[in-house]
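# Notes for the structure review
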Amino acid sequence: MKRLDIRDIFAGCRVHINEDFYRDFFAFADRSAEQDYVKKKTVQLLMQLSETPVQILCKGGSFEKLSDYRDLYLIRIETMTLNLRMLFIAEEDGQAYLVAFEEYAGKFASNYEKYSPLAVKRTRPFRKGAGK
Amino acid sequence: MNGKDVTAAFVGRVTQGMSRRKVLEAIARGRMASAILTRRSELGMDRLEFARFLGISEPEVIEWESGECDVTIAEFCDVCEKLSLAFDMSITLEDDFPANGG
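Residues numbered from 1 in each chain as written. Chains lettered and ligands numbered in written order. Predicted model: local features only at pLDDT ≥ 70, side-chain atom pairs only at ≥ 80, totals over all residues.

### Here's the deal with the interface of chain B and chain A
Worth spelling out the cut-off: Contacts here follow a simple rule: the backbone-placed C-beta atoms of the two residues must lie within 7 Å. For helices the rule is a DSSP run of H or I covering at least 4 residues; for strands it is a run of E covering at least 2, with both sets numbered from the N terminus onward.
With 35 residues of chain B in contact, the opposing surface of chain A contributes 34 residues. Elements with a minimum of two residues in the side of chain B that touches chain A: helix H1 (3-15), helix H2 (20-43) and helix H4 (58-66) of chain B. Counting residues per element, the side of chain B that touches chain A draws most heavily on H2 of chain B, at 14 residues.

Right under this line is the structure:
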């Protein structure tokens, strides 16, 4: 059997990541004391988002649809000290677009109002066909 | 960079420094969690009903569904049996396995 290459596993990944998300994620993850857990959990959740319909994922605890915002969802990662949120847009064809990364110290209700227009703006380049 | 390049770069960087074993573990946890979630959805059960069906506690269901559980082979086989979930049990040597065993 051919030795599995990690890049092959994600070759058909249906999750698209924009440069703002990339920058914000690593600005956090590379200095976090909990980066091993965060990165491992991120791999797990990316794999789930790529392979499983988002409606099913939302029945669990890690994924949530933001009810007031059309097509906008979040992924929740809770570490020992922080709440991390990854916002994404999910489309009917199974493609998902990670558009924003946020970290919160402690637990409080989050306001995602600003993310609805931001997510639409950040998803636009993908929808024009770039990267597809 | 276009979207595909950013995604590939992201996957490369997020797995950089992680051992291959840890990456494969993360993927296995994700696939197991998704399989359990999908099956509960197909059965139309809420978490409590599902816990009773499996003979485990509700917090344990949450652990299974979030990929946070550390189960024994016996427990894993038991849940798969109860949910009629099949999994590939073949274990084979990789063609280009490292001489030192990896």
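### So, the environment of cysteine 77 of chain B
Residues and elements named next belong to chain B. The test is simple: With C-beta atoms placed from the backbone, a residue is labelled by how many other C-beta atoms lie within 10 Å of its own: buried for 20 or more, exposed for 12 or fewer, partly exposed between the two.
By the secondary structure assignment, cysteine 77 is in helix H5 (residues 73-82). The class for cysteine 77 is partly exposed, based on 14 C-beta atoms found within 10 Å. Through-space distance from the C-alpha of cysteine 77 to that of leucine 43 is 19 Å; in sequence the pair is 34 residues apart.

### Let's talk about unusual backbone geometry
In terms of backbone geometry, most residues other than glycine have negative phi values and most peptide bonds are trans. Residues and elements named next belong to chain B. Backbone geometry at serine 84 places phi at a positive 55°, although glycine is not the residue there. Looking at the secondary structure, you find serine 84 in the segment after H5. Overall, serine 84 belongs to the exposed group, with 9 C-beta atoms counted inside 10 Å.

### Quick notes on the confidence of the model for chain B
Residue and element names in this part refer to chain B. Rule in force here: On a scale of 0 to 100, pLDDT captures the predictor's confidence in every residue.
The predicted model of chain B averages 89 in pLDDT, with 90% of residues at 70 or higher. Helix H3 (residues 47-54) holds the highest mean pLDDT among the elements of chain B, 96, whereas H1 holds the lowest, 86. Here the prediction assigns the complex a pTM of 0.86, and the interface score ipTM is 0.87.

### Structural notes on the pairing of strand E4 (residues 82-90) of chain A
Residue and element names in this part refer to chain A. Filter applied, for reference: Only strands joined by at least two bridges in the DSSP assignment are considered to pair.
Summarising the sheet, strand E3 (residues 72-78) and E4 pair through seven bridges and their orientation is antiparallel. Bridge assignment links leucine 74 to a residue of E4, and that residue is leucine 87. Linking E3 back to E4 in an antiparallel pair, the connection comprises three residues.

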